[in-house]
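Structural characterization, general
Each chain is listed here by its residues.
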Number of protein chains: 2
Amino acid sequence: MTMEESTIKKRVVGVDISLDATSYAIADVRGNILAKDSFCTEDYPEIGAFISALCDGIIQLVETNGGFETIRSVGVSVPSANFKSGSIVNSPNFPWKGVVPLSALLRDRLGLAVAVANNSHVVALGEHAFGCAHGMREFIVITLGTGLGSCIFSDGGVKLGSDGYAGEIGHTCVEHDGRLCGCGNKGCLEAYTATKGIIRTAREVMAESGETTKMRRVPKLTPRVIAELCDEGDALAIETFRRTGEYLGLGLANYASVIDPEAIIFTGGISKAGKWLMEPTQKAFEEHVFHNIKGKVKFLASDLDEGDRNILGASVLAWEVEEYSLFK
Amino acid sequence: MTMEESTIKKRVVGVDISLDATSYAIADVRGNILAKDSFCTEDYPEIGAFISALCDGIIQLVETNGGFETIRSVGVSVPSANFKSGSIVNSPNFPWKGVVPLSALLRDRLGLAVAVANNSHVVALGEHAFGCAHGMREFIVITLGTGLGSCIFSDGGVKLGSDGYAGEIGHTCVEHDGRLCGCGNKGCLEAYTATKGIIRTAREVMAESGETTKMRRVPKLTPRVIAELCDEGDALAIETFRRTGEYLGLGLANYASVIDPEAIIFTGGISKAGKWLMEPTQKAFEEHVFHNIKGKVKFLASDLDEGDRNILGASVLAWEVEEYSLFK
């Protein structure tokens, strides 16, 4: 890029690929979103068709909003991504199996530099640039939803580890010989605290108790429904999140004891269960965490707008393609 | 320090304080130990007397080996140390309780800059400078003995965390509601894999089994004795280390899944149990670690001389007092 080009290209494209929706937007360096569009991810179970749909969408958005001469680069947020290889690797939830070289596929089609990172890493970049982690050098991000993702932001940057997989708290073991996890291991934190695990806990709670609960009559149990029943005072719904919080607090305590963060920042659908999940989580956390850091680690909820959080983070990632100063 | 002084002062003092012995040496920048002495730590249960003995020893060693004009600074390795505060904090094993401002006490008496760090952090510095981690940017050190210490060496430096406590794997939980640990928490890895925990496991194994074992007749069981009985084919001694390895492998897998290191380096007395501990540890590790890093993390034994390992690391620490480039 010549000096002239680099001074003109002051916008980036941020992309957020999640299981249900794929969103993409043009953003400036201050985190202002200038134009945005999205489509349904599930409509494209075949990766070639998905890449075409995404690139067609980006091209149309860019051409009707200033053109490619204004765009510096592209940042992409996607679960199971490996920043070092620019690929989606062995996703347990997307229909695209094995290794998907996402960064190369998009770069070839768009002719722009593309950086790809795990959604939790991207959220950490966004929270650090524009959200509740602004100015912090040591924190952890936890994304609670279909899966349990996380990111270690340490010494002022996203910690990658030797192969780019650092931060996999979802597959740390919290119950010796416990539940079989989708990853093939037993007793993983994700098997207790992501969507399927919470539903399973609700079923266990109902099977053990004779108490009446509206959970028995709900056609499709979800963490959101369980949280709503908690608000109504449903004892077994409350017990479901209490048990979930016990495991989450234990897993986070193990994590914090080795990382010593200033704060843990929660995002994702399940984190909206609020006090029903967070109070038992924090209780178990303080019970299990290393004594010298008890009472010191802040629990924070992301304060970025939910619809834009990952796109904003992806736009920060896009600004990183030239030097990666925020990756360690 | 003037330019002239800084070019003259090319030696440092490395100090290793462990539960049984306190050693101190003069070393050069290449890790050559030029003079060395030691005394019995347990002779000084009172901290003031201990500091006097250590300073008297260092002063005598330095004055008979080139004098203080050759010494740049002092580095100290000690369990339960916090590098950021230069103190020993809430040691579960030393007789000196609460916070001991070791760095300030030594600096006041010796008139030299003093850096103090946790023994596991110090071992990581030594292995990185002179041992099997030379050139590595991402590794973990595990010290197995009276306690279970560890250090995360990440992005080319010792990871401290927000308060200097990063790396406390010994107090991560590997058994829900498990054994009570000396730290007050339940189910800590240290309660299963450090000296007392291994002896307790041996007693449990003997209580459960009617098999004959020489372990029943040993006046004082130690991990070393159990390892020797393993070499003789004693089935219950072998079972003791198998169970220990199951917990150690699980704890290390949780650790590696969030850190993604290139290697784990083992030091400390218990690590000398060799294959009796390491084979079940590695088996459990591979069973539990996050699938994308299975088979990738190397298990290494420290290759530095045991008697000099911590002193060498402490000498690297001493060179760090001016800028701390190896701390993150």
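Use the structure listed above.
One structure accompanies this document, and this report is about it. (Residues numbered from 1 in each chain as written. Chains lettered and ligands numbered in written order. Predicted model: local features only at pLDDT ≥ 70, side-chain atom pairs only at ≥ 80, totals over all residues. Heavy atoms only, no water.)

1. A short note on the pattern of salt bridges
Two side chains that carry opposite charge are able to pair once their charged atoms sit near each other. Residues and elements named next belong to chain A. Summed over the entire model, instances satisfying the criterion amount to 28 salt bridges over all chains. For Arg-137, the salt bridge goes to Asp-155, with nearest N and O atoms at 3.0 Å. Note that Arg-137 is positioned in the loop between α4 (119–130) and β9 (139–144) and Asp-155 in the loop between β10 (148–154) and β11 (157–158), a separation of 18 residues in sequence. Given a relative accessible area of 46%, Arg-137 falls into the partly exposed group. The exposure class assigned to Asp-155 is buried, which follows from its relative accessible area of 17%. For Arg-200, the salt bridge identified is with Glu-204, shortest N-O distance 3.6 Å. Here Glu-204 and Arg-200 lie together in helix α6 (residues 195–208), a separation of four residues that amounts to about one turn. Sharing partners across several salt bridges, the network here consists of Glu-208, Glu-239, Arg-242, Arg-243 and Glu-246. (Salt bridge = Lys/Arg side-chain N within 4 Å of Asp/Glu carboxyl O. Helix = DSSP H or I, 4+ residues; strand = E, 2+ residues; numbered from the N terminus. Buried < 20%, exposed > 50% of the residue type's maximum accessible area, 1.4 Å probe, protein only.)

2. Overview of the interface of chain B and chain A
Taken together, the 47 residues of chain B in the interface contact 47 residues of chain A. Taken together, the two surfaces of chain B and chain A that pack against each other cover about 3,800 Å², and 53% of this comes from carbon and sulfur. Considering only the side of chain B, the residues that lose the most area to chain A are His-176, Val-258 and Asp-260 of chain B, jointly responsible for 17% of the buried surface there. Scanning the region where chain B abuts chain A turns up four salt bridges. When the shortest N-O distance is used, the salt bridge between Lys-159 of chain A and Glu-138 of chain B registers 2.9 Å. Where chain B meets chain A, there are 30 residue pairs in polar contact (both at pLDDT 80 or more). Those elements that place two or more of their residues in the side of chain B that touches chain A are β10 (148–154), α8 (235–259) and α9 (275–288) of chain B. Counting residues per element, the side of chain B that touches chain A draws most heavily on α8 of chain B, at eight residues. Looking at side-chain class alone, the side of chain B that touches chain A contains 18 nonpolar, 15 polar and 14 charged residues. (Contact = heavy atoms within 4.5 Å. Buried area = accessible area lost by both parts, 1.4 Å probe. Polar contact = N/O pair within 3.5 Å; in protein donor to acceptor, adjacent residues only side chain to side chain. Nonpolar A, V, L, I, M, F, W, Y, C, P; charged D, E, K, R; others polar.)

3. Points about the sheet that holds strand β8 (residues 113–117) of chain B
Sheet strands pair by backbone hydrogen bonding; their relative direction is either parallel or antiparallel. Residue and element names in this part refer to chain B. Strand order in the open sheet made by the five strands is β3-β2-β1-β4-β8, with mixed pairing throughout. Two strands lie at the open edges of the sheet, namely β3 (33–40) and β8, each paired on one side alone. Here the strands of the sheet are splayed against their neighbours by 15° on average, with no regard to which way each runs. Relative to strand β2 (residues 21–28), strand β1 (residues 11–17) is paired through seven bridges, and the arrangement is antiparallel. Looking at the pairing, Val-13 lines up with Ile-26 of β2. Sheet strands touched by helix α3 (residues 102–110): β1, β4 (71–77) and β8. Its angle to β8, the strand with the most contacts, is close to 155°. (Pairing = 2+ DSSP bridges. Axes fitted to C-alpha atoms, helices over the stretch in contact; angles between N-to-C directions.)

4. Some points on the sheet that holds β10 of chain B
All names here are of chain B. In spatial order, the strands read β11-β10-β9-β12-β13; together these five strands make up an open sheet with mixed pairing. A single partner strand is all that each edge strand has here, and the edge strands are β11 (157–158) and β13 (298–301). Contacts from α8 reach β9 (139–144), β10, β12 (263–267) and β13, with the element oriented near 155° to β9.

5. Overview of the pairing of β2 of chain B
Residue and element names in this part refer to chain B. Taken across its eight residues, β2 has seven buried, putting it largely inside the fold. What sits between the antiparallel neighbours β1 and β2 is a turn of three residues. As paired elements, β2 and β3 share seven bridges and run antiparallel to each other. Counterpart to Ala-27 in the pairing with β3 is Ile-33. Once β2 ends, the chain turns through four residues before running back antiparallel as β3, passing Gly-31 with a positive phi of about 85°.

6. Observations concerning the relation of the copies chain B and chain A
When chain B is fitted to chain A, the residual RMSD is 0.0 Å, and the transformation amounts to a turn of 180° plus an axial shift of 0.0 Å. With respect to symmetry, the two chain copies, as superposed, fit the operation of a two-fold axis. Both copies present the same face, since 100% of the interface residues in chain B are matched by interface residues at the equivalent positions in chain A. (Least-squares fit on C-alpha atoms with pLDDT ≥ 70 in both.)

7. Quick word on helix α7 (residues 223–231) of chain B
All names here are of chain B. The set of residues buried in α7 consists of Pro-223, Ile-226, Ala-227, Leu-229 and Cys-230. Seen from one end, α7 has its buried residues packed into an arc of 160°, which puts them on one side. Exposed residues pointing more than 90 degrees away from the buried face of α7 are listed as Arg-224 and Asp-231. Packing partners of the buried residues in α7 comprise α6 (195–208), α8 and α9. Two residues or fewer past α7, Gly-233 is found with a positive phi of approximately 90°. (Arc of directions from axis to C-beta.)

8. Here we look at the packing of aromatic side chains
Residues and elements named next belong to chain A. Taken as a whole and assessed by the stated rule, the structure comprises 20 aromatic pairs over all chains. Judged by centre distance (5.3 Å) and plane angle (80°), the rings of Phe-39 and Tyr-44 are edge-to-face. For the pair Phe-266 and Phe-299, a centre-to-centre distance of 5.2 Å together with 45° between the ring planes defines the contact as tilted. One end of the pair, Phe-266, is in strand β12 (residues 263–267); the other, Phe-299, is in strand β13 (residues 298–301), and 33 residues separate them in sequence. Of the two residues, Phe-266 and Phe-299, neither departs from the other in class, the shared state being buried. (Phe/Tyr/Trp six-rings, centres within 6.5 Å; stacked < 30°, edge-to-face > 60°.)

9. Here we look at the nonpolar core
Counting 104 residues, the largest nonpolar core has Ile-142 and Leu-252 of chain A together with Ile-142 and Leu-252 of chain B as its most contacted members. The contacts of Ile-142 of chain A, once residues within four sequence positions are left out, are Leu-148, Gly-149, Ser-150, Ile-169, Leu-252, Tyr-255, Ile-264, Ile-265, Phe-266 and Thr-267 of chain A. (Core = buried A, V, L, I, M, F, W, Y, C linked by side-chain atoms within 4.5 Å.)

10. Describing the pairing of β4 of chain B
Residues and elements named next belong to chain B. Burial of β4 is extensive: seven of the seven residues sit out of reach of the surface. Note: β4 against β8, five bridges, orientation parallel. When the bridges of β8 are listed, Ser-77 appears paired with Ala-117.

11. Things to note about empty space enclosed by the protein
Applying the stated criterion across every chain, the model contains three cavities of 30 Å³ or more. Computed from the structure, the largest cavity encloses a volume of approximately 110 Å³. Around the largest cavity sit 14 residues that line it, and Asn-254 and Tyr-255 of chain A together with Thr-172, Asn-254 and Tyr-255 of chain B are the ones nearest its centre. Mapped onto the lining of the largest cavity, the elements with two or more residues apiece are α8 (235–259) of chain A together with α8 of chain B. Among the residues making up the lining of the largest cavity, the classes are represented as eight nonpolar, six polar and no charged. Of all the secondary-structure elements, those providing two or more residues to the lining of the second largest cavity are α4 (119–130) and β10 of chain B. Of all the elements, β10 of chain B adds the most residues to the lining of the second largest cavity, at three residues. (1 Å grid on protein atoms, 1.4 Å probe; cavity = no way out; pocket = protein on both sides within 12 Å on 5 of 7 lines; lining within 4 Å. Points joined across faces, edges and corners; volume = space filled by probe spheres on them.)

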